[in-house]
Amino acid sequence: MASNQKFRDLQWVLRAFETESLNLHSISFYLSQPVSGCYQETENSMKINISTDCLEYFSRILIMLGAAKSTLLSLRNLEFHCVEWELQQVQNLGELLDSNLNIKQLMFRRNRFGEDCLSEFSDALKRNGAIKEVMFSESHIGTVGATLLAFALKVNDSLEELQIWEDSIGSKGAEELSKMIEANSMLKLLTIFDSSSITATPLISAVLARNRVMEVHVWSGESGDKNSKVVEFVPQNSTLRIYKIDVSGACRVACALGMNSTVTTLDMTGVRLKSRWAKEFRWVLEQNQTLKEVTLSKTCLKDKGVVYVAAGLFKNRHLERLHLDGNWFSGLGVEHLLCPLSRFSALQCQANITLRSVTFGGSRTKIGRSGFAAILQMLTTNETLTRLAIVDDQSMRPDDIFRIFKSLEKNASLRCLSLQGCKGVRGERVLQAIMETLQINPWIEDIDLARTPLHNTGKADAIYQRLGQNGKTETEPAENDLLKDMPLTEPKSCRVFFCGQEYAGKATLCNSISQNFSSSKLPYIEQVKTLVNPVEQAVRTVGMKIKTFKDEDKKISVWNLAGQHEFYSLHDLMFPGHGSASFFLIISSLFRKPSNREPKTPMEIEEDLQYWLRFIVSNSKRAVQQCMLPNVAVVLTHHDKVNQTSQNLQATVNSIQKLRDKFNGYVDFYPTVFTVDARSSASVSKLTHHIRKTSKTVLQRVPRVYQLCNDLIQILSDWRSENYNKPAMKWKEFAEICQVKVPPLRIRSRRDNKEKIEMRRRAVATCLHHIGEVIYFDELGFLILDCEWFCGEVLSRLIKLEVRRQSSDENGFISRKELEKILRGSFNSQIPGMGSKVFENLEANDLIKMMMKLELCYDQDPSDPNSLLLIPSILEEGRGKQQKWQLGGADCLYAGRHLQCDDSSHMFLTPGFFPRLQERVFLVFHKLLHHENILASEVF
């Protein structure tokens with residue numbers, strides 16, 4: 001190694017290159033040195049010093065390197081220090097680069113180029129297809145050099161890194177390089193250290209506008225500061241940071257961001273911005289679909305600028321985190337900022353449902369009374385924000401902080417609240433409010449009170465301890481863990497439930513609404529009544545019916561709950577849960593029978609409506625996730641037969657108003673009562689408009705669903721079309737569809753965790769079940785794709801099974817085999833072809849398993865696979881009449897307990913409750929009897 005470092009003369013170098021005895025990877029040339037010579041720094045690198053009187057050796061070495069063979073194979077890097085290039089020398093370098101395609105890196109430090117030399121080097125770069133990196137440092141290539149390099153790189157498709165340090169390429173040079181960026185898609189790294197920060201604007205704008213995956217670093221040496229970074233873009237983490245830029249440059253960058261798809265994080269902390277830039281940035285928020293996080297901290301934005309940013313949030317559907325702390329806006333700015341995140345009436349939709357985190361505050365942010373009111377409104381009505389940070393605020397008082405925490409008691413979305421440095425967080429009253437809120441609201445995971453008086457006095461420790469307790473008790477649904485990395489979107493389907501007693505005209509009303517939804521109807525049909533003949537009136541609609549309409553890209557399905565008493569026990573099964581998109585129309589006829597003109601009294605109508613209101617409230621309280629109050633509207637049919645001046649009609653309206661007042665806070669009661677002729681499509685046009693409008697509102701307000709669910713709805717529909725409209729699908733078939741058509745649910749290799757993929761598929765199927773698109777339960781092995789078929793043709797027949805007459809058992813229970821036989825006979829004895837359709841898709845045993853999942857039948861002994869079954873909802877004494885004690889003999893002794901809801905004026909135990917209660921009570925008695933038998937056996 002010592003011999004390698006021995007200083008040798010240039011003749012030795014020439015001989016070594018001529019004999020090709022060296023295996024070099026890197027050569028560094030240092031010209032204008034006091035003494036000429038060379039030495040090997042390492043085994044593969046050499047440093048060559050050339051004095052002023054030996055400059056001819058420089059050209060000779062370049063020529064000899066171009067002719068060398070073995071050296072040609074190993075040489076990778078060339079460095080040139082303090083070279084004042086002549087045209088012939090640049091030509092020699094170009095010939096070397098042409099002959100040696102293994103050279104990947106060129107570095108020029110403190111070189112000097114004439115225009116002709118730069119032009120020659122540019123031509124060599126155009127020809128070369130091997131060089132990956134070129135660096136100029138303190139070489140004063142200027143605007144001319146930058147322009148010539150830009151011309152070359154428009155052609156060159158191999159260079160990946162270009163660095164220009166300690167130079168001044170000027171605005172024209174930067175503009176030419178920006179044009180190069182528009183044409184060159186191979187460049188991966190661009191680093192510029194210029195004397196002026198103005199060069200950054202055209203470069204970064206071109207990178208953003210053309211969506212280049214190019215790392216960019218621009219430094220400025222203005223005012224003698226050589227460590228001042230202007231802008232950086234790192235595509236590996238999709239982050240754009242702007243440290244220093246003027247307003248016009250910021251506006252140009254904003255324009256480039258509008259349709260950009262490579263930046264997800266924008267950080268402009270400390271850049272002084274004005275409303276002119278904010279006006280451009282509003283368009284970015286409306287158009288850009290990839291920005292997830294924007295930081296505008298300490299940018300001096302005032303009210304007008306924040307108003308523009310807030311305006312962009314109304315249409316933005318992708319931004320998740322926004323930081324605006326340290327700015328200069330007032331309560332007016334806070335009002336506008338939080339407006340798209342708030343609702344101001346029950347029917348209004350929250351404009352922005354994607355933003356998850358907002359930060360604002362600072363010593364120069366004056367929240368004021370109007371801003372504080374906006375904060376309360378947002379916390380009370382927002383359903384999507386998970387993090388709110390108000391930092392270093394000086395204006396809010398302890399009473400304001402108290403009210404903020406009180407408003408969080410009913411907020412189910414916020415997970416983190418930061419009040420760092422807020423002077424109003426002090427006092428026992430505030431501490432008590434925080435503890436009470438955490439007692440009521442377990443969803444809050446973190447409260448940051450750093451630098452607040454409460455924290456500084458040590459009183460915040462109890463809060464942090466309580467947060468830890470909430471974290472231990474909180475459990476998340478399994479599908480959240482399984483699908484947390486999958487995108488969410490707004491649901492596309494909404495259910496409308498038609499509730500009402502028999503003869504209310506629900507089916508006729510649904511047909512008229514269908515005409516209004518149909519795009520193929522003729523204009524004059526608007527005035528034509530859908531005549532219902534006496535035979536149809538006498539037969540009535542039996543069972544639950546579902547009718548589906550398309551409204552633009554949305555699907556609206558009308559679920560007509562059967563009005564006959566024998567179907568009431570099934571209504572609970574149809575009730576939406578888990579935050580699914582749905583609302584209710586309670587339909588009541590103004591007459592007792594459609595065949596006569598005997599009007600109902602206001603009391604009768606009130607009883608009808610109150611039953612269904614209590615039914616809705618009772619099931620809403622039972623729902624697992626109630627993200628909003630049930631939306632309810634009242635429809636009165638047969639209005640065409642009523643005298644407009646009738647006193648009964650006015651009394652009816654008054655009684656409905658009383659119901660509205662009574663159920664205020666339990667349901668979202670639509671203020672208008674619709675009075676219609678159910679046979680006339682024209683008469684129901686306003687009601688149709690209400691259904692359309694409310695569907696859109698509900699879809700925007702309910703929790704978002706996995707994008708996979710919307711995709712699978714269409715995929716399953718296509719599958720049905722390809723498979724003769726089959727109403728049911730085996731789980732194996734569903735798994736095959738996931739494998740072929742749904743990449744996120746696909747098993748990609750033998751090493752994949754198949755159990756995890758299977759659990760994902762089941763989680764998606766469960767989500768489809770919750771939103772009413774399919775009927776699915778774990779372990780059944782199939783999905784019901786046609787809910788109308790299942791409700792109308794399967795459930796409606798199950799509820800009318802004549803089990804007692806066909807069963808040989810007299811004790812109220814039935815064997816599985818007998819029930820299967822009854823099911824087959826029931827389905828095959830109806831309309832020809834229906835039986836084959838059912839049993840082509842489902843086995844009789846499948847129907848029994850579905851009945852058990854829906855709690856329509858129960859095992860006498862759950863531990864026995866051959867246990868007898870009980871079907872409580874089809875007991876003879878419960879059909880069409882009130883159940884009562886069957887007093888049959890002196891040896892019978894009855895004991896009972898009266899059950900009712902705590903709030904019996906708004907809720908009741910629905911008919912579907914009692915079959916489930918029978919099963920629960922039976923299991924209790926069964927366990928007690930089993931326990932007594934065990935004790936008896938131990939005694940004897």
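In the annotation of an unreviewed UniProt entry, the entry for the protein chain reads COR domain-containing protein, and the organism field reads Hibiscus sabdariffa.

A.B. asks: Break down the overall build of the protein chain for me, with residues and values.
C.D. replies: Helix and strand counts for the protein chain stand at 33 helices and 31 strands. Expressed as a percentage of the 940 residues in the protein chain, the buried residues total 51%. By sequence separation, contacts in the protein chain at least 24 residues apart represent 75% of the contacts at least 6 residues apart. Accessible area for the protein chain stands at about 43,800 Å²; split by element, carbon and sulfur atoms hold 51% of it.

A.B. asks: Can you tell me about the packing of helix H4 (residues 87–99) against helix H5 (residues 115–127), naming the residues and giving the values?
C.D. replies: Axis separation between H4 and H5 bottoms out at 9 Å; the angle between their running directions is 10°. With respect to H5, the axis of H4 lies roughly parallel. In this structure, H4 contributes Leu87, Val90, Gln91, Leu93, Gly94 and Asp98 to the contact, and H5 contributes Asp116, Cys117, Glu120, Phe121, Ala124 and Arg127. Tallied by class, the residues present in the contact of H4 with H5 amount to six nonpolar, two polar and four charged.

A.B. asks: Give me the lowdown on helix H24 (residues 685–701), citing residues and values where you can.
C.D. replies: With 17 residues, H24 extends 25 Å from end C-alpha to end C-alpha; this agrees with the ideal 24 Å at 1.5 Å per step. Within H24, burial applies to Leu687, Thr688, His690, Ile691, Thr694, Ser695, Thr697, Val698, Leu699 and Arg701.

A.B. asks: Just give me the short version of H4, but keep the residues and values in it.
C.D. replies: Given 3.6 residues per helical turn, the α-helix brings residues three or four places apart onto the same face. Between its first and last C-alpha, H4 extends 19 Å over 13 residues, near the 18 Å set by a 1.5 Å rise per residue. By the burial criterion, the buried members of H4 are Gln89, Val90, Asn92, Leu93, Gly94, Leu96 and Leu97. Where the residues of H4 are buried, they touch helix H2 (55–67), strand E4 (77–81), strand E5 (105–109) and H5.

A.B. asks: So what about a positive patch on the surface? Which residues, and what values?
C.D. replies: A grouping of Arg272, Lys274, Arg276, Lys302, Arg364 and Lys366 is seen on the molecular surface, where their side chains present a positively charged patch. Turning to its location among the elements, Arg272 is positioned in the loop between strand E12 (265–267) and helix H10 (275–287). The exposure class assigned to Arg272 is exposed, which follows from its relative accessible area of 53%.

A.B. asks: Give me the lowdown on the nonpolar core, citing residues and values where you can.
C.D. replies: Among the nonpolar cores identified, the biggest contains 142 residues, and Phe29, Ile48, Phe80, Trp85 and Phe360 are the most heavily contacted of them. No other element matches helix H9 (residues 247–257), which puts seven residues into this core. With residues near it in sequence (within four places) discarded, Trp85 still touches Phe58, Leu62, Phe80, Val90, Leu93, Phe108, Asn111, Arg112, Phe113 and Cys117.

A.B. asks: Kindly report on the pairing of strand E3 (residues 45–51), identifying the contributing residues and their values.
C.D. replies: Taken across its seven residues, E3 has seven buried, putting it largely inside the fold. Side chains of E3 alternate between two faces, with Ser45, Lys47, Asn49 and Ser51 and Met46, Ile48 and Ile50 buried alike. Relative to E3, strand E1 (residues 26–33) runs parallel, the two sharing seven bridges. Counted as the bridge partner of Ile27 is Met46 from E3. Turn length for the strand E2 (residues 37–42)-E3 hairpin, with the two strands adjacent in sequence and antiparallel, is two residues.

A.B. asks: Any chance you could break down the packing of aromatic side chains for me, citing the residues and the numbers?
C.D. replies: Each aromatic ring pair is described using two quantities: the centre-to-centre distance and the angle formed by the ring planes. This model, assessed by the stated rule, comprises 23 aromatic pairs. Ring geometry for Phe29 and Phe58: centres 5.4 Å apart, planes at 75°, overall edge-to-face. Of this pair, Phe29 sits in strand E1 while Phe58 sits in helix H2; the two residues are 29 residues apart in sequence, bridging distant segments of the chain. The exposure classification of Phe29 matches that of Phe58, with both residues buried. Among the aromatic residues, ring-to-ring pairing joins Phe29, Phe58, Phe80, Trp85, Phe108, Phe113, Phe121 and Phe136 into one connected group. In this structure, Arg429 packs its charged tip against the face of Phe402, placed 3.7 Å from the ring centre. Above the face of the Trp559 ring, Arg495 is positioned so that its terminal group lies 5.1 Å from the ring centre.

A.B. asks: I'd love a proper account of the packing of helix H13 (residues 368–381) against helix H14 (residues 398–407), names of residues and values included.
C.D. replies: Axis separation between H13 and H14 bottoms out at 9 Å; the angle between their running directions is 15°. Judged on the interaxial angle alone, H14 and H13 are roughly parallel. Our pair here, H13 against H14, has a crossing hand that is right-handed. For the pair H13 and H14, contact is made by Arg369, Phe372, Ile375, Leu376, Leu379 and Thr380 and by Asp400, Arg403, Ile404 and Ser407, respectively.

A.B. asks: Residues and numbers for the pattern of salt bridges, please.
C.D. replies: For the coordinates displayed, the defined rule picks out 32 salt bridges. Lys492 is the partner of Asp553 in a salt bridge, and the nearest nitrogen-oxygen pair spans 3.1 Å. Taken as a pair, Asp553 in the loop between strand E21 (545–551) and strand E22 (554–560) and Lys492 in the loop between strand E19 (488–489) and strand E20 (493–499) lie far apart in primary sequence, 61 residues in all. By relative accessible area, Asp553 is classed as partly exposed at 39%. Its relative accessible area of 29% is what places Lys492 among the partly exposed residues. The shortest N-O distance in the salt bridge between Glu733 and Lys726 comes to 3.6 Å. For Glu733, a relative accessible area of 22% gives the class partly exposed. In the salt-bridge network here, residues are joined through shared partners; they are Glu490, Lys492, Asp553 and Lys554.

Reading the values: rules and limits
- Residues numbered from 1 in each chain as written.
- Predicted model: local features only at pLDDT ≥ 70, side-chain atom pairs only at ≥ 80, totals over all residues.
- Heavy atoms only, no water.
- Helix = DSSP H or I, 4+ residues; strand = E, 2+ residues; numbered from the N terminus.
- Buried < 20%, exposed > 50% of the residue type's maximum accessible area, 1.4 Å probe, protein only.
- Contact = heavy atoms within 4.5 Å.
- Areas by Shrake-Rupley, 256 points an atom, 1.4 Å probe, with all protein chains shown as cover.
- Axes fitted to C-alpha atoms, helices over the stretch in contact; angles between N-to-C directions.
- Parallel < 35°, antiparallel > 145°, perpendicular 65-115°, else oblique.
- Nonpolar A, V, L, I, M, F, W, Y, C, P; charged D, E, K, R; others polar.
- Expected span 1.5 Å × (residues − 1).
- Patch = residues over 30% accessible without salt bridge, like charges linked within 9 Å, V, L, I, M, F, W, Y side chains within 5 Å.
- Salt bridge = Lys/Arg side-chain N within 4 Å of Asp/Glu carboxyl O.
- Lys, Arg positive; Asp, Glu negative; His and termini not counted.
- Charge placed at Lys NZ, Arg CZ, Asp CG, Glu CD.
- Core = buried A, V, L, I, M, F, W, Y, C linked by side-chain atoms within 4.5 Å.
- Pairing = 2+ DSSP bridges.
- Phe/Tyr/Trp six-rings, centres within 6.5 Å; stacked < 30°, edge-to-face > 60°.
- Lys NZ or Arg CZ within 6 Å of the ring centre and 35° of its normal.
- Left-handed = near helix turned anticlockwise from the far one by under 90°.

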